[in-house]
Amino acid sequence: MEVVSVTCALIFLDQKVLCAQRSEAMQLPGLWEFPGGKIEKGESPEDCLIREIKEELAISINIIGSLRSNEHAYSDVKVIRLMPFICVWGSGKLKLVEHQEVKWLAKEELKSLNWAQADIPIVEDLYVNWNNIQEQLVEYNREN
Ligand SMILES: Nc1nc2c([nH]c(=O)n2[C@@H]2O[C@H](COP(=O)(O)OP(=O)(O)OP(=O)(O)O)[C@@H](O)[C@H]2O)c(=O)[nH]1
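Residues numbered from 1 in each chain as written. Predicted model: local features only at pLDDT ≥ 70, side-chain atom pairs only at ≥ 80, totals over all residues. Heavy atoms only, no water.

Applicable threshold: UniProt positions are given in the numbering used here, feature names are shortened, and annotations may be inferred rather than shown by experiment.
The chain is annotated in an unreviewed UniProt entry as 8-oxo-dGTP diphosphatase from Algoriphagus aquimarinus. In its Sequence similarities (unreviewed entry) section, the UniProt entry covering the chain states "Belongs to the Nudix hydrolase family." Regarding the chain, the relevant UniProt record gives this comment under Cofactor (unreviewed entry): "Mg(2+)".

As for the environment of I86
For clarity, the cut-off: Helix and strand definitions follow DSSP, with helices as H or I runs of at least four residues and strands as E runs of at least two, each counted in order from the N terminus. The rule is simple: take the accessible area with a 1.4 Å probe, protein chains only, and divide by the maximum for that residue type; under 20% is buried, over 50% is exposed, in between is partly exposed. Two residues qualify as a contact provided that any one of their heavy atoms is within 4.5 Å of a heavy atom in the partner residue.
Tracing the sequence through the fold places I86 in strand β7 (residues 79–91). For I86, a relative accessible area of 0% puts it in the buried group. Sequence separation between I86 and Q136 is 50 residues; the distance between their C-alpha atoms is 9.5 Å. If near-sequence neighbours (up to four positions away) are discounted, I86 is found in contact with L10, F12, N62, I63, I64, G65, S66, L67, I133, Q136 and L137.

Thoughts on the UniProt feature "domain: Nudix hydrolase" (unreviewed entry) in the chain
With numbering aligned to this structure, UniProt lists the feature "domain: Nudix hydrolase" (unreviewed entry) at residues 1–128. Helix and strand shares over residues 1–128 are 17% and 40% respectively, and the end C-alpha atoms of the span are 32 Å apart.

Considerations on the nonpolar core
Applicable threshold: Among buried residues, the Ala, Val, Leu, Ile, Met, Phe, Trp, Tyr and Cys ones that are joined through side-chain atoms within 4.5 Å form a nonpolar core.
Residues L10, F12, V17, C19, F34, W115 and L126 are the most contacted members of the largest nonpolar core, which totals 24 residues. Listed by contribution, the elements that provide at least two residues to this core are β1 (3–13), β2 (16–21), β7 and α2 (120–143). Among the elements that make up this core, the one with the highest residue count is α2 (six residues). In this structure W115 touches C19, L31, W32, E33, F34, L110, I120 and V123, once residues within four positions along its chain are discounted. By size, the runner-up hydrophobic cluster in this structure holds eleven residues, among which are I11, L18, I59 and C87.

Some remarks on the site of the ligand
For clarity, the threshold we go by: Near is defined per residue: the residue qualifies when any heavy atom it owns lies within 4 Å of the molecule or strand. For the purposes of these results, a polar contact is taken to be a pair of N or O atoms within 3.5 Å, where, inside protein, one atom must be able to donate a hydrogen and its partner to accept one; residues adjacent in sequence count only when each atom of the pair is a side-chain atom. Computed with the Shrake-Rupley method and a 1.4 Å probe, the accessible areas treat only the protein chains shown as cover for residues. Each residue is assigned to one of three groups, with Ala, Val, Leu, Ile, Met, Phe, Trp, Tyr, Cys and Pro labelled nonpolar, Asp, Glu, Lys and Arg labelled charged, and all others, Gly among them, labelled polar.
Taken together, the neighbourhood of the ligand is formed by 17 residues, with F34, K38, Y74, K78 and D119 sitting nearest. At 3.2 Å, a backbone N or O of G36 approaches a nitrogen atom of the ligand. Alone, the ligand offers 620 Å² of accessible surface; in the complex the protein occludes 81% of this. Residue assignment for the shell around the ligand shows that the elements contributing at least two residues are β1, β4 (36–38) and β7. Examining the composition of the shell around the ligand, we find that three residues originate from one element, β4, more than from any other. A class-by-class count of the residues in the shell around the ligand yields nine nonpolar, three polar and five charged.

Some points on the confidence of the model for the chain
Stated precisely, the cut-off is as follows: By definition, pLDDT measures how confident the predictor is in each residue, and it falls between 0 and 100.
Averaged over all residues, the pLDDT of the chain is 97; the fraction at 70 or higher stands at 100%. ipTM for the predicted complex: 0.90, alongside a pTM of 0.95.

Details of the side chain of H99
Here H99 lies in the loop between β7 and β8 (101–105). Residue class for H99 comes out buried when judged on its relative accessible area of 5%. In this structure, H99 is in contact with A20, Q21, R22, S23, M26, E33, P35, E56 and L57, ignoring residues within four places of it in sequence.

Now the structure itself:
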């Protein structure tokens, strides 16, 4: 069976992470996710994510790291491999092209949302590694 690879962005700003709510027109309507999308043929995961974030949120991001991927079977025929990347805002003004809402959440607020099932282990991993990620971000900001 085909596993569809999907990238997603954990975009950090001021110790908060951007979470996006899928609109009624999308699959999994109303559920929360990290923005991103399916990798196209011949595309690297990083190029995919930069393209998707530009399309969905009209901003450019810088990728500074990644977390463990999570494979999730929504059904017998729909299996996705969700690949999370740690990102910072590069430039542009945020505009919601596809999502109905976004929220910037602090660590302790993360688990309050109704997440898409494939995201739940990623949210857990993010929660556990939150402090390490903040250190990576401080280091990145010092060097850039
Ligand atoms: N971008 C993104 N997709 C996710 C997440 N979690 C999750 O289950 N998905 C699923 O992964 C797939 C990503 O596809 P997508 O966003 O590019 O496209 P879509 O399904 O809205 O539209 P399409 O299938 O008509 O192209 C969707 O099936 C979506 O439901 C997540 O955190 N971010």
